[in-house]
Amino acid sequence: MRTRLPILLLCVLLFWSGFFPVNSIVFAEEDPIHKNRNVTLIYDDSGSMWFTYEDGDTSKELPSDNWKFANYSLQSLISLLGPEDELSVVRMSNSQNIDEIGISYSSRQREINRIPGWDEQKGTPFQTVLTSIDNMKKAVEQNPPSDFWFIIIMDGVFNDLDTSFEEDSAKLSQNYEIARKSLEDLADYMKQKEVKFNSILVTIESFLTEDEISQMEEFKGMFQEATGGIQLTADNESEIIERINEVAALITNRDPNTTETDSTFDLNPTFSNEGQEVTIQTPFPLRRLTVLHQTTGSQLEWEINKVNYNGEASQLTTDGPFYMKTPNDPNKLRGDIYGGVSHIAPENPEGSLQAGEYTISFNKPLTPQEQESFQFIAEPSLDFDITIHKLESDGTWNNEPETFFYEAEMMMEVELFPSDRSQGKVSFNQMNPDQEIEVTAKIQDETFTLSWNEERQSFTGPFTMPTEPTEATVTTIVKGFYQDTKTLPLEGVEDRQLSLQTLTSDWSHPLDQLQNTTPITIQPYVDEREMTEAELTELFDNIKVTTEENVQYEIKQNGNQIELYPKAYIVPAFTSIGDIHFLVELKGRYEGEGAQIEVGANIQDIPFLDKYGKLLGISALVFLFLYWLIGVIRKPRFDRHGAIINLQSIQKVNGMELPGRDTEYDFKTNLFLKYFYPYRAEKKLIGNLTFKATRDKDKILLVKDCQSKDMRIGYTRLGEGAGVEDIIIYEGDKITTESQVSKEVYHFTR
């Protein structure tokens, strides 16, 4: 375990790699708004942290100050954690002891001050892993909603797995098996408990021999396979710097794989008022805002006086600063490092710092050089939900799990929320989500990208439901700001198999007895079990019966069975006889689900009169009705609303005509006779004359029985032609009848 590489910032910022795309195991769906993080860290304070060898010559030891920067990094980690988090440290020099670090704001400075006293130099036993595992299991039992982190930092394999320490090959193999089994048991335990579990292995390999590198590769493979964790490796000093830059980007909530110019999200700290104030912008809500200062030479004492939000005083809380310093180095290899950390958070621990502008005021002005030594760490208060839907053929989305059939076309949906869910979904009105946010999902060996769905205000992507239980690993990245990875179990179901079975055989009845017969009984099945009554009730309206024969039918539900009743038409002669075939189709509740069966029946013929008697009777009635209807339609009728007779009655005295009296008569008659008495023309008696209607509304007939020889139509006397036939009276004609004492003039008009 020999290295000269400065692991200071790697250890300081390691905790924050929780925003790195770690292969986390996530099972619980319902979490607190802000989950605390339970960190178990194996701290390498072994003897090799204090020295290395010149050119690999074990006889020439050189001093190293890796222990010094590792010690400072642990102080920094303590200062960066939240007050609700928990930190347990297992030191290589005391492998069976758990050092619980109190990180409440009231005890944090005291805990930081005691870390520089850790100066023991011992070996690297695998017992540290076993002790850490026991500690994490206890923590899971006490607080399962936490996020659990298992971090190992080492500059070589454990003594138990090192051939230079264990020369017995059988014992070495046994130790490897114990190590593998221990890590696998840990991962299985976390999965069984359904908690979020993250594991990181950090290895520093710059001065390892080929044999040590081979041993390290074997352990890294074992670690990744057993826990699903990631490895961070530094092969030289420049790569350490790259790792530091990656983690530093994560601390400032930038995607480590995205440069500042690639992202529109940056806190943009701007100092003003001679360096006594700094303003930052956050596009999203934050869980906590941390001010970090680090410098060399001497400690800079500073405090936060107040914090304004969008130009107004806020009710936010501030804690710290918590000061830290590298321990005294007897060899004086490098200068000391000093740091300070202060946190800004909402008064409600479950609340969030809303998006907007924050102005931080310090207790004194800061010089430009001092300003450059400050960093501002924004911890996002974002979360996302994953849901899946079955994509139906009509384009609708079905979210019923029982419809998630194997190989079904599915749709995955990811929605972003503030962690406290106080304002619904995160708004992306001022940005292009497809460019600024990346959502990817991995199912088995397939990885696909979800696209922004403007209508649903979420990210969606199609996939096919696997044919065996698995899980989807979904990573959401707000470029330059936020990252997280979750897993969602995918458990499809087999297609339901519906079937129908006829329970009635040899159904046969006479044609005239079909109204009172026993039914044809059909039993529906679901996956070879009888369908329940409730299931059949839900699907009953989806039953379809068809037949090519002329026969009626009726279907009823009787418990969990279908009853089919063949029925005759009202006129039995129209009903088919002999063998009848019904096709019964049952459509299931899910798309593409159904069953059908052909059902046979036999209808026996009956005597001629029984079969056709009703038809003949009905036919006669229909004929008579048609005859009557034609007569009613063709019946001549008066124009009741337009035609009138003006009758002028004149009295005579001694041959002289006195002034007459005019009376108008319409042609209204009995409604029944007018509309329901067929064929016979409508008649009307007006005065002493009887008139008959014609089909032409402009003329009427003067009935022959009321005609006389002295009667005149216009200026024409009827004479001998009177009483021979009905005479046509046209519109405007006048009929005159006259005796010795009276005279009547009938004028037909419209």
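Before reading on, note that the structure itself is shown above.
Throughout what follows, the structure given in this document is the object of discussion. Just so we're clear, the structure is a prediction, and the values are computed from it rather than from any experiment.

Calculation criteria
Residues numbered from 1 in each chain as written. Predicted model: local features only at pLDDT ≥ 70, side-chain atom pairs only at ≥ 80, totals over all residues. Heavy atoms only, no water. Core = buried A, V, L, I, M, F, W, Y, C linked by side-chain atoms within 4.5 Å. Buried < 20%, exposed > 50% of the residue type's maximum accessible area, 1.4 Å probe, protein only. Contact = heavy atoms within 4.5 Å. Helix = DSSP H or I, 4+ residues; strand = E, 2+ residues; numbered from the N terminus. Pairing = 2+ DSSP bridges. Axes fitted to C-alpha atoms, helices over the stretch in contact; angles between N-to-C directions.

The next subject is the nonpolar core. Counting residues in hydrophobic clusters, the biggest one holds 51 residues, and the most contacted among them are Val291, Ile360, Phe362, Ile388, Met412, Val414 and Val474. Setting aside residues no more than four positions away along its own chain, Val474 makes contact with Phe384, Ile386, Met412, Val414, Val439, Thr440, Ala441, Asp484, Thr485 and Lys486. Listed in part, the 36 residues of the second largest apolar core include Ala70, Leu80, Leu232 and Leu292.

Before going further, it helps to examine the environment of Asp385. Within the fold, Asp385 resides in strand 18 (residues 382–391). Overall, Asp385 belongs to the partly exposed group, its relative accessible area being 26%. Distance in space between the C-alpha atoms of Asp385 and Glu454 is 17 Å, their sequence separation being 69 residues. Leave out the neighbours within four places in its chain, and Asp385 touches Glu413, Val414, Glu415, Phe417 and Arg421.

Burial along strand 34 (residues 594–604) is one-sided: the face carrying Ala595, Ile597, Val599, Ala601 and Ile603 is buried and the face carrying Gly594, Gln596, Glu598, Gly600, Asn602 and Gln604 is not. Pairing of strand 33 (residues 578–587) with strand 34 involves 10 bridges; the strand directions are antiparallel. In the sheet register, Asp579 faces strand 34, and the bridge partner there is Asn602. Taking the residues that link successive antiparallel strands as the turn, the strand 33-strand 34 hairpin has 6 residues, and the phi of Gly592 there is positive, at about 80 degrees.

Judged by pairing direction, the sheet is mixed, and its 4 strands sit side by side in the order 27-34-33-30 without closing on themselves. The strands lining the two open edges of the sheet, one partner per strand, are strand 27 (508–510) and strand 30 (543–547). The sheet shows a mean angle of 30 degrees between the axes of neighbouring strands, direction not considered.

The next subject is unusual backbone geometry. A cis amide bond, omega 5 degrees, links Gly320 with the succeeding residue Pro321. Structurally, the position occupied by Pro321 is in strand 14 (residues 317–325). Non-glycine residue Asn310 carries a positive phi angle of around 50 degrees. Relative to the elements of secondary structure, Asn310 occurs in the loop between strand 12 (304–309) and strand 13 (312–313). Phi is positive for Gln444, which is not a glycine, with a value near 55 degrees. Structurally, the position occupied by Gln444 is in the loop between strand 21 (437–443) and strand 22 (446–453). The exposure class of Gln444 is partly exposed, given its relative accessible area of 39%.

Purely spatial values, then, with no claim about function.
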